[in-house]
Amino acid sequence: MPPDDALVNRIRTALGRTADVEEKRMFGGIAFMVRGKMCVSVGRDRIMCRIDPAIHDSAVERKGCRTVVMKGRQYRGYVHVDADAVKAQHDLDYWIGLSLDYNCKAKASARKRR
């Protein structure tokens, strides 16, 4: 399903002053790469944030947040947040802030050679 255009634009605005941001089609939506690392992605009715695995358990206690599960595997440090849970700007800023904080510490994925 295509990502929510309004939510994509809100993420663009929130990351507007961040250096080295690139958009890529990924995870069935649009991923925002910061410094070559996945930071936030937007899908249908949700965002996915890459956060510090050390705060994962407390993050999933927040309303509308759950652990990312792909092919039956849970990914610590990756959370889906419902679009309804980020309607208020301060809630969106919270998740963007967590993602940007971890982006500075996160390792970049190894690039695949083609």
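Up top is the structure these notes are about.
So, here is what we can say about the structure in this document.

Criteria and thresholds
Residues numbered from 1 in each chain as written. Predicted model: local features only at pLDDT ≥ 70, side-chain atom pairs only at ≥ 80, totals over all residues. Heavy atoms only, no water. Salt bridge = Lys/Arg side-chain N within 4 Å of Asp/Glu carboxyl O. Helix = DSSP H or I, 4+ residues; strand = E, 2+ residues; numbered from the N terminus. Buried < 20%, exposed > 50% of the residue type's maximum accessible area, 1.4 Å probe, protein only. Axes fitted to C-alpha atoms, helices over the stretch in contact; angles between N-to-C directions. Left-handed = near helix turned anticlockwise from the far one by under 90°. Contact = heavy atoms within 4.5 Å. Nonpolar A, V, L, I, M, F, W, Y, C, P; charged D, E, K, R; others polar. Phe/Tyr/Trp six-rings, centres within 6.5 Å; stacked < 30°, edge-to-face > 60°. Lys NZ or Arg CZ within 6 Å of the ring centre and 35° of its normal. Pairing = 2+ DSSP bridges.

1. Description of the pattern of salt bridges
At step 1: For the structure shown, the criterion picks out 6 salt bridges.
At step 2: The closest approach of N and O atoms between D82 and R66, which form a salt bridge, is 2.7 Å. Here R66 lies in strand β5 (residues 65-70) and D82 lies in strand β6 (residues 73-82), a separation of 16 residues in the sequence.
At step 3: Assessed through its relative accessible area of 38%, R66 is described here as partly exposed.

2. Digging into the packing of helix α1 (residues 5-14) against helix α3 (residues 89-103)
At step 1: It is at 11 Å that the axes of α1 and α3 come closest, and there the two elements cross at 65 degrees. The two elements α1 and α3 meet at a crossing, and its hand is right-handed. Along the contact surface, α1 presents R10, I11 and A14, while α3 presents Q89, L92 and I96.
At step 2: Here the contact of α1 with α3 is composed, by residue class, of 4 nonpolar, 1 polar and 1 charged.

3. Examining the packing of aromatic side chains
When we look at a pair of aromatic rings, we describe it by the centre distance and by the angle of the planes.
At step 1: Taken as a whole, this structure holds 2 aromatic pairs when the rule is applied.
At step 2: Summarising the aromatic geometry, the rings of Y75 and Y78 are spaced 6.4 Å apart at their centres and angled 90 degrees between planes, so their arrangement reads as edge-to-face.
At step 3: By relative accessible area, which is 23% here, Y78 ends up partly exposed.
At step 4: Look at Y94 and W95: their rings are 5.1 Å apart centre to centre, the planes differ by 85 degrees, and that puts the pair in the edge-to-face class.
At step 5: By relative accessible area, which is 2% here, W95 ends up buried.
At step 6: One Lys or Arg, R62, reaches over the ring of Y94 and ends 3.8 Å from the middle of that ring.

4. Side note on the sheet that holds strand β1 (residues 21-26)
At step 1: In space, the 6 strands of this open sheet follow the order β1-β2-β3-β4-β6-β5, with antiparallel pairing throughout. The open sheet is flanked by β1 and β5, the only strands paired with a single partner. In this sheet, adjacent strand axes meet at a mean angle of 30 degrees when their direction is disregarded.
At step 2: Across 6 bridges, the pairing between β5 and β6 is antiparallel. Residue V68 lies in a different strand from β6, and its bridge partner there is Y75.

5. Some remarks on the pairing of strand β4 (residues 46-50)
At step 1: Most of β4 sits out of view: 5 of its 5 residues are buried.
At step 2: Going residue by residue along β4, you find R46, M48 and R50 tucked away on one face and I47 and C49 tucked away on the opposite face as well.
At step 3: Two elements, strand β3 (residues 37-43) and β4, share 4 bridges in a ladder whose sense is antiparallel. Note that in β4 the partner of V42 across the bridge is I47.
At step 4: Across 5 bridges, the pairing between β4 and β6 is antiparallel. Residue pairing in the sheet places C49 in a bridge with V79 of β6.

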